[in-house]
Amino acid sequence: MKKISVVIAALMVPGVVMAWPWSTDMMNQPSIKPQEGVMTPFPSRSVPVSGIPTTVANREETRSMTNPVTVSEASIKQGRNLYIIYCSVCHGRTGKADSPVSAKVGAIDLTDAYVQNDLSEGWLWGTITFGSYVMPAYGVVTEQGGSNDLSVEERWHVVNYMKHALVKDATAAAVASK
Ligand code: HEC
């Protein structure tokens with residue numbers, strides 16, 4: 001008798017009960033789940049309710065833009081987080097184009113003088129916004145794909161990180177790995 005009551009008690013444990021074939025899993029329903037299918041872009045003409053308005057139409061026009069976001073610890077921190085999420089996959093954790101796919105996609109070293117000295121902050125922002133040749137866009141949806149994942153301000157945080165902390169981080173990482 002004791003044995004039977006143990007079995008009954010075990011069957012009443014929620015984890016076990018959920019495994020019964022007749023308990024329908026509420027998770028499986030027709031709605032689109034996160035990460036499923038193509039992400040829907042924001043509807044055209046939708047207006048952001050916060051952020052910095054810009055009027056540039058292509059990367060060429062961004063060359064002489066001035067950075068409206070002051071360099072600060074907070075900005076660099078946010079830029080670093082966004083860089084790790086969006087850029088490191090191709091440009092490497094330290095910007096030195098040393099990720100497993102860097103060479104395959106032809107990503108460049110962002111700590112090089114070309115990016116650090118020759119490219120203006122506006123151009124860097126423009127590259128993130130409109131993409132480059134192979135590189136995808138993070139501020140506009142184009143025929144080649146791209147997304148508007150990063151807000152105007154977030155893109156400037158990434159620029160601040162690239163120009164003011166990326167090289168330092170790369171140097172620190174190189175020293176730490178020795
Ligand atoms: C899918 C891979 C990929 C991702 C992700 C990516 N890039 Fe790139 N990026 C490239 C490649 C490849 C190039 C060189 C070829 C080109 O210009 O498209 C490049 C070039 C650049 C350049 C140089 C542009 C120029 O004028 O020469 C900058 C700056 C840059 N990337 C910054 C970033 C930043 C910042 C991010 C994150 C927001 C990012 N990239 C994300 C692949 C990528």
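The structure under discussion appears in the preceding block.
Model, not experiment: these values are computed from the prediction. (Residues numbered from 1 in each chain as written. Predicted model: local features only at pLDDT ≥ 70, side-chain atom pairs only at ≥ 80, totals over all residues. Heavy atoms only, no water.)

1. Remarks on the overall build of the protein
Along the protein, the regular secondary structure elements total 9 helices and 0 strands. The C-alpha atoms of the protein give a radius of gyration of 24 Å, which is well past the 16 Å a tight globule of 178 residues would have. For the protein, with 178 residues in total, the buried portion stands at 29%. Long-range pairs, those at least 24 residues apart, make up 56% of the contacts in the protein with a sequence separation of at least 6. Summing over all exposed atoms, the protein offers an accessible surface of approximately 12500 Å²; the carbon and sulfur share of this is 63%. Within the protein, one finds 15 positive and 15 negative side-chain charges whose respective centroids are separated by 10 Å. (Helix = DSSP H or I, 4+ residues; strand = E, 2+ residues; numbered from the N terminus. Rg over C-alpha atoms; globule rule 2.2 N^0.38 Å. Buried < 20%, exposed > 50% of the residue type's maximum accessible area, 1.4 Å probe, protein only. Contact = heavy atoms within 4.5 Å. Areas by Shrake-Rupley, 256 points an atom, 1.4 Å probe, with all protein chains shown as cover. Lys, Arg positive; Asp, Glu negative; His and termini not counted. Charge placed at Lys NZ, Arg CZ, Asp CG, Glu CD.)

2. Here we look at the packing of aromatic side chains
The tally for this structure, following the rule as stated, stands at 3 aromatic pairs. Relative to Y161, the ring of Y83 has its centre 5.7 Å away and its plane inclined at 50°; by these criteria the two rings are tilted. Linking Y83 in helix α3 (residues 73-86) with Y161 in helix α8 (residues 152-164), this pair joins segments that are 78 residues apart in sequence. Among the residues examined, Y83 registers a relative accessible area of 0% and is labelled buried. Look at Y161 and you get buried, because its relative accessible area is 2%. (Phe/Tyr/Trp six-rings, centres within 6.5 Å; stacked < 30°, edge-to-face > 60°.)

3. Thoughts on the side chain of S75
Mapped onto the elements of the fold, S75 is located in helix α3. Judged by relative accessible area, which is 2%, S75 ranks as buried. Side-chain polar atoms of S75 contact the side chain of H157, separated by 2.9 Å. Contacts of S75, omitting those with residues within four sequence positions, involve V69, T70, H157 and N160. (Polar contact = N/O pair within 3.5 Å; in protein donor to acceptor, adjacent residues only side chain to side chain.)

4. Considering the pattern of salt bridges
Taken as a whole, this structure holds 3 salt bridges when the rule is applied. In this structure, the salt-bridge partner of E60 is R63, at a minimum N-O distance of 3.1 Å. (Salt bridge = Lys/Arg side-chain N within 4 Å of Asp/Glu carboxyl O.)

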